[in-house]
Amino acid sequence: MRFTSHRDFARAFERALRRANAPVAFSQGFTPHPKISYASAAPTGVASEAEYLEIGLQRAVDPDELRVALDAALSPGLDVLAAVESAGGSLADRIDASHWRIELAGVGSAQAETAVAAFLSAGEVLVERLTKQGRRTFDARAAVLRMTVAAGAATPAGPGVRPPDGLPSEVSSVPCAILDLVVRQVTPSVRPDDVLSGLRVMADLEPPVPPRVTRLAQGTLTAQGEIVDPLEADRVGQPSVNASRVPAGAQ
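Only a predicted model underlies this, so the values are computations on that prediction, with no experimental measurement involved.

### Concerning the overall build of the chain
Of the regular secondary structure elements, the chain holds 4 helices and 13 strands. Across the 251 residues in the chain, those meeting the buried criterion constitute 41%. Carbon and sulfur atoms make up 51% of the accessible area of the chain, which totals about 13100 Å².

Laid out in structure tokens, this is it:
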């Protein structure tokens, strides 16, 4: 499911709304569209346990009944975790940070810690990204609030066990460093691949296989550096929806 694009997910979600007989409101004009607003969608290739969207409805419905109906109408791996009635305001305004887990197979913890220390000690880390407007250079360091290396277990690759693509088959075990990353929402947005580009610039860190990235949370950043679920303010009242895009069976 991590390779489902945002456009694919949006189409699947609109079909699920029809299957669930949700009374969705539509925009006016020549080509009406369902009133759905997505907040900071995850990039293609990234799994997520915390995607958020808003749905405009023609009438009030029970949020939990809507959640159950939508969840049943979606494919395995696309799971609707919660639905609440919005108390007002924009959902996007409640998201100013995101929490990520990045698994670096083939990279040892010591090597990752050296690269992270070099990145965090820098005043700025300039990286390039190809955008619709062409190549853009921006500072990836300013958006990073926290980045640590968690203890990662070695991936077994003994007899009969195939190591990750790109690693030699004779390797008996593969080290796997895990980055715990919290990034502030800025413009232009800084994504995990931008941070990985920064680690390559600062410390020549180049994982031998593509990293596995998962968004764990996004929401409002507190003074203590914690991320609060953006739906929390609506729960006392009780349609915003929290969904996840994770590999089937991972949740």
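### Some details on the pattern of salt bridges
What the rule picks out here adds up to 12 salt bridges. Residue D194 pairs with R129 through a salt bridge whose shortest N-O separation is 2.4 Å. Residue D194 is found in helix α4 (residues 192-203), and its partner R129 is found in strand β5 (residues 126-131); the two are separated by 65 residues along the sequence. For the residue pair D194 and R129, the accessibility class agrees, reading buried in each case. R191 is paired through a salt bridge with D193; the nearest N and O atoms lie 3.2 Å apart. The exposure class of R191 is partly exposed, given its relative accessible area of 28%.

### What to know about helix α3 (residues 109-121)
Here α3 spans 18 Å end to end across 13 residues, near enough to the 18 Å set by a 1.5 Å rise per residue. Listing the buried residues of α3 in full gives A112, A115, V116 and F119. Considered in projection along α3, the buried side chains sweep an arc of 100° and stay on one side of the axis. Exposed side chains of α3 directed beyond 90 degrees from the buried face belong to A110, T114 and S121.

### A look at the packing of aromatic side chains
Summed over the entire model, instances satisfying the criterion amount to 2 aromatic pairs. Between the aromatic rings of F9 and Y38, the centroid separation amounts to 6.2 Å while the plane-to-plane angle is 75°, which identifies the pairing as edge-to-face. Of the two residues, F9 sits in helix α1 (residues 6-19) while Y38 sits in strand β1 (residues 36-39), which places them 29 residues apart along the sequence. Owing to a relative accessible area of 24%, Y38 belongs among the partly exposed residues under this scheme. Ring pairing ties together the aromatic residues F9, F13 and Y38, which thus form one cluster.

### Notes on the environment of A50
Within the secondary structure, A50 is located in strand β2 (residues 47-55). On the basis of relative accessible area, A50 is assigned to the buried category, the value being 3%.

### Here we look at the confidence of the model for the chain
With 85% of its residues at a pLDDT of at least 70, the chain reaches an overall mean of 86. Taken as a whole, residues 157-161 scores under 50 in pLDDT and shows 8 contacts with residues more than four places along the chain or in a different chain.

### Thoughts on unusual backbone geometry
Along the chain, T187 connects to P188 via a cis peptide bond; the corresponding omega equals -5°. Position of P188 among the secondary structure elements: in the loop between β10 (176-184) and α4. The phi angle at N21 is positive, at roughly 55°, despite the residue not being glycine. Within the element layout of this structure, N21 appears in the loop between α1 and β1. The backbone of S40 shows a phi angle near 50°, a positive value even though the residue is not glycine.

### Digging into the side chain of R141
Mapped onto the secondary structure, R141 falls in the loop between β6 (134-139) and β7 (144-150). Reaching out from R141, the side chain makes a polar contact with the backbone oxygen of L120 at a distance of 3.3 Å. If sequence neighbours within four positions are ignored, R141 has contacts with F119, L120, A122, G123, E124 and V125.

### Digging into helix α2 (residues 63-73)
Within the span of α2, buried status applies to P63, L66, L70 and A73. All buried residues of α2 lie within an arc of 95° about the axis, which places them on one face of the element. Those residues of α2 that are exposed and angled more than 90 degrees off the buried face are E65 and A72. Buried residues belonging to α2 abut α1, β2 and β3 (78-84). Two or three places before D64, at the start of α2, stands the capping residue D62, its side-chain oxygen 3.0 Å from that residue's backbone nitrogen.

Criteria and thresholds
- Residues numbered from 1 in each chain as written.
- Predicted model: local features only at pLDDT ≥ 70, side-chain atom pairs only at ≥ 80, totals over all residues.
- Heavy atoms only, no water.
- Helix = DSSP H or I, 4+ residues; strand = E, 2+ residues; numbered from the N terminus.
- Buried < 20%, exposed > 50% of the residue type's maximum accessible area, 1.4 Å probe, protein only.
- Areas by Shrake-Rupley, 256 points an atom, 1.4 Å probe, with all protein chains shown as cover.
- Salt bridge = Lys/Arg side-chain N within 4 Å of Asp/Glu carboxyl O.
- Expected span 1.5 Å × (residues − 1).
- Arc of directions from axis to C-beta.
- Phe/Tyr/Trp six-rings, centres within 6.5 Å; stacked < 30°, edge-to-face > 60°.
- pLDDT = per-residue confidence, 0-100.
- Contact = heavy atoms within 4.5 Å.
- Polar contact = N/O pair within 3.5 Å; in protein donor to acceptor, adjacent residues only side chain to side chain.

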